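Breakdown of the fold
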Amino acid sequence: MITTAQFNDLVKNALVKWREGFDKVSPAARQMYDVVTTGVQTSEHSQIDGPGFARRKQEGQRYAIGDPVQGYSLKLTQARIGFMESVTWEMRKFDKYREIDKVMRRLGETTAQRMELDLTHQFTFGMTASSYTNIDGETVATTAADGVQIFSASHTMKGATGNVSNYITDKFSRAGLEAAEQKFTLMRNNAGTKVIVKPDTIITSDDPATVNAVAEFLKSMTAPDTANRADNVYHAKYKHLVLPYLATDASGNPDSTKTNYWMLADLSHTDAILEIAENPTFTAPKVGGNGEDFLTDDWSFKSSATYDYGVADFKFIVGSLGSV
């Protein structure tokens, strides 16, 4: 039997297994965010565009003074997630070490999986709506700071008229890639001035057909979609990021209607923000009082994290439904 004298050893081993479970979940969606730590519950992130092009200075004249345009603001408010698992009296009595190890690994996985689900669904549901109802029944905004859903042809500029688009419907293909690249050449800041964005990453679900299609484009030395096999201009041009939860519903269940979703993004200058007040944390019961719940004789272990996330500016990414 695992006794209270062995409690500290159990906790040490539980932490190791929790970490194994947490590390088992690849932090794919997190790569799309600018990750920062915070000590405040609510924060605000404001866009400020530069003054634009330098002006001609004539001899003896003063330099022109810039007039930066204040853009839209994104507010983030920290929220906590968590999960608890128990080592029962029966597990301890009958030395069920393998079962205990599985419980702790699962506990680590829950936190990592939830973070990936949240961070991915910001973009999944941002394809078609300005909000969605998450697994906890909460309404989650999927808008950029301008108040428009993340992927849209109707983004606005605070200091200029007209709209900017980062949305297409093309399937992943040469035509689709070129349509996405074209959108980047038309990006404008809040003053209406063209901005230069250099996308570096193709983002897809884990749908095998889509994943393989991207691999063919990025790894083939000759063009994979032409009969004469001309030089492949896309060879090694982009990185490929696979999001396992991109094609899922709000509860994380597979959703075949989303398998063709894909994105092209500049992740070297992402404007998606992830603020973390509490990094994923493992908490064990205290030794005092036998470390047990009086009513159940269980030793309870917890995993938690506190964070919030959002998209301050949409111009780093173009998204497609992959429907035509």
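Preceding block: the structure.
For the structure given in this document, a descriptive report is provided here. Every residue gets a number counted from 1 within its own chain, in the order that chain's sequence is written. Two thresholds apply to this predicted model, a pLDDT of at least 70 for residue-level local features and 80 or more for giving and counting side-chain atom pairs, whereas whole-chain, interface and lining totals are computed over all residues. Side-chain numbers here rest on the full set of heavy atoms in the structure, without hydrogens or water.

Here we look at the overall build of the protein chain
What counts is decided by this rule: A run of H or I in DSSP becomes a helix once it reaches four residues, and a run of E becomes a strand once it reaches two; helices and strands are each numbered from the N terminus. Any residue under 20% of the maximum accessible area for its type is buried, any over 50% is exposed, and the rest in between are partly exposed; the area is computed with a 1.4 Å probe on protein chains only. Here a residue-residue contact requires only that any non-hydrogen atoms of the pair lie within 4.5 Å. A 1.4 Å probe and the Shrake-Rupley method give the accessible areas. Residues count as covered only by the protein chains that appear here. Here the positive residues are Lys and Arg and the negative ones are Asp and Glu; neither His nor the chain ends is included. For this purpose, a charge sits on NZ of Lys, CZ of Arg, CG of Asp or CD of Glu.
Looking only at helices and strands, the protein chain has five helices and 15 strands in total. Summarising its shape, the C-alpha atoms of the protein chain cover approximately 85 × 60 × 35 Å along the three principal directions. Within the protein chain, buried positions represent 46% of all 324 residues. If you take every contact in the protein chain between residues at least 6 apart in sequence, the share linking residues at least 24 apart comes to 73%. As displayed, the protein chain offers around 16,700 Å² of accessible surface, 51% of which is attributable to carbon and sulfur atoms. Mean positive and mean negative side-chain charge positions of the protein chain (34 and 40 charges, respectively) differ by 4 Å.

Section: the environment of R62
As for its position among the elements, R62 is in the loop between β2 (42–49) and β3 (69–77). Since its relative accessible area comes to 80%, R62 is described here as exposed. Distance in space between the C-alpha atoms of R62 and S152 is 42 Å, their sequence separation being 90 residues.

Considering the sheet that holds strand β4 (residues 79–87)
Where we set the bar: When DSSP finds at least two bridges between two strands, those strands are taken to pair. Think of each axis as a best-fit line through the C-alpha atoms, taken over the contacting stretch in the case of a helix, with angles from 0 to 180 degrees between the N-to-C directions.
Read across the sheet, four strands follow the order β1-β13-β14-β4 without closing on themselves; strand pairing throughout is mixed. Looking at strand neighbours, the two that pair on one side only are β1 (34–37) and β4, the edges of this open sheet. With strand direction ignored, the average angle separating the axes of adjacent strands in the sheet is 25 degrees. Strand direction decides the pairing type here: strand β13 (residues 272–283) and strand β14 (residues 299–311), joined by nine bridges, are antiparallel. Residue pairing in the sheet places I276 in a bridge with Y307 of β14. Its contacts with the sheet put helix α1 (residues 7–24) on β13 and β14, and the angle it makes with β13 is roughly 150 degrees. Together, β4, β13 and β14 form the strand contacts of helix α3 (residues 97–124), whose direction differs from that of β14 by roughly 15 degrees.

Focus on the pattern of salt bridges
Pairing between side chains of opposite charge can happen when the charged atoms of each approach one another. Selection criterion: Any carboxyl oxygen of Asp or Glu that lies within 4 Å of a side-chain nitrogen of Lys or Arg is treated as forming a salt bridge with it.
Taken as a whole and judged by the stated rule, the model has 11 salt bridges. Close ionic contact of R105 with E20 constitutes a salt bridge, the shortest N to O distance being 3.1 Å. Here R105 is found in helix α3, whereas its partner E20 is found in helix α1, with 85 residues between them in sequence. Residue classification places R105 among the partly exposed positions, given a relative accessible area of 29%. Judged by its relative accessible area of 36%, E20 is partly exposed. Notably, a salt bridge pairs R80 with E278, separated by 2.9 Å at the nearest N-O pair.

Remarks on the packing of α1 against α3
The condition is simple: Angle categories are assigned with fixed cut-offs, so that under 35 degrees is roughly parallel, over 145 is roughly antiparallel, 65 to 115 is roughly perpendicular, and the rest are oblique. A crossing counts as left-handed when the near helix is turned anticlockwise from the far one by less than a right angle, and as right-handed when that turn is clockwise. Charged residues are taken to be Asp, Glu, Lys and Arg, nonpolar residues to be Ala, Val, Leu, Ile, Met, Phe, Trp, Tyr, Cys and Pro, and polar residues to be all remaining types, Gly included.
Close contact between α1 and α3 brings their axes to 7 Å; oriented N to C, the two are set at 45 degrees. Between α1 and α3, the crossing angle belongs to the class labelled oblique. α3 is crossed by α1, and the crossing has right-handed handedness. Across the interface between the two elements, L10, N13, A14, K17, W18, E20, G21, F22 and K24 of α1 pack against I100, D101, M104, R105, L107, G108, E109 and A112 of α3. Here the contact of α1 with α3 is built from residues that sort into eight nonpolar, three polar and six charged.

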